[in-house]
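Each chain, written out:
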Amino acid sequence: MTDGAELANGVVLPWAGYGTYKVGKLISRECTLEALRQGYRCIDTAFIYGGETTEKQVGLAIQDAVSEKLLVREDLVVVTKHWRKYHGYEPTMTCLGLSMKRLQ
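Residues numbered from 1 in each chain as written. Predicted model: local features only at pLDDT ≥ 70, side-chain atom pairs only at ≥ 80, totals over all residues. Heavy atoms only, no water.

Peer 1: If you had to explain the overall build of the protein to someone new, which residues and values would you point to?
Peer 2: What the protein contains, in helices and strands, is 4 helices and 5 strands. Along the chain direction, N to C, the helices and strands of the protein fall in the order β-β-β-α-β-α-α-β-α. Whereas a compact globule of 104 residues would reach a radius of gyration of roughly 13 Å, the protein reaches 14 Å, a difference of no more than 12%. Overall, the protein is about 35 × 35 × 20 Å in size when its C-alpha atoms are taken along their principal axes. (Helix = DSSP H or I, 4+ residues; strand = E, 2+ residues; numbered from the N terminus. Rg over C-alpha atoms; globule rule 2.2 N^0.38 Å.)

See below:
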């Protein structure tokens, strides 16, 4: 799960990632943590998933994985998408800030 395409900045984007779409509010943290335990190093989420709750749970799962010494944060790629009501530069930056806060 760690093989992938090397980007210009040296970061490796894994070929396969764990998607959190429709995982569910109640189990997204534990499912994401289990994916990290199984070797996934790319997590895909979005601002709107789980009624705007999934990003926070993904962030908590990442903290759990780091605490368990499963990985160091630099070895993980997190992909998120902003929501359509945030069009334009400033609204996009606002949405990104909210996502970063949720993901911690």
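Peer 1: So, the layout of surface pockets: which residues are in play, and what are the values?
Peer 2: Considering only enclosed or pocket space, the largest pocket measures out at about 190 Å³ in volume. Looking at the largest pocket, the residues that line it are Gly59, Ile62, Gln63, Val66, Arg73, Val78, Thr80, Met100, Leu103 and Gln104. Secondary-structure elements contributing two or more residues to the lining of the largest pocket are helix 3 (54-67) and helix 4 (89-103). By residue number, the principal contributor to the lining of the largest pocket is helix 3, which donates 4 residues. (1 Å grid on protein atoms, 1.4 Å probe; cavity = no way out; pocket = protein on both sides within 12 Å on 5 of 7 lines; lining within 4 Å. Points joined across faces, edges and corners; volume = space filled by probe spheres on them.)

Peer 1: If you had to explain the nonpolar core to someone new, which residues and values would you point to?
Peer 2: Ranked by size, the top nonpolar core spans 13 residues in total, and within it Tyr18, Leu36, Ile43, Val58, Ile62, Ala65 and Leu76 carry the most contacts. Mapped onto this core, the elements with two or more residues apiece are helix 1 (28-37) and helix 3. With 4 residues, helix 3 is the largest single contributor of residues to this core. Those residues in contact with Val58, other than ones at most four positions away along the chain, are Thr20, Thr32, Ile43, Thr45 and Leu103. (Core = buried A, V, L, I, M, F, W, Y, C linked by side-chain atoms within 4.5 Å. Buried < 20%, exposed > 50% of the residue type's maximum accessible area, 1.4 Å probe, protein only. Contact = heavy atoms within 4.5 Å.)

Peer 1: An account of the packing of aromatic side chains is needed here, citing residue identities and associated values.
Peer 2: Per the stated rule, a full pass over the model turns up 3 aromatic pairs. Summarising the aromatic geometry, the rings of Tyr18 and Tyr40 are spaced 5.8 Å apart at their centres and angled 65° between planes, so their arrangement reads as edge-to-face. Here Tyr18 is found in strand 3 (residues 18-19), whereas its partner Tyr40 is found in the loop between helix 1 and strand 4 (42-44), with 22 residues between them in sequence. Tyr18 sits in the buried class, given a relative accessible area of 17%. Residue Tyr40 is classed as partly exposed on the basis of its relative accessible area, which comes to 21%. Centre to centre, the rings of Tyr21 and Tyr49 are 5.1 Å apart; their planes meet at 50°, and the pair counts as tilted. You can see Tyr21 sitting in the loop between strand 3 and helix 1 and its partner Tyr49 sitting in helix 2 (residues 49-52), a full 28 residues away along the chain. (Phe/Tyr/Trp six-rings, centres within 6.5 Å; stacked < 30°, edge-to-face > 60°.)

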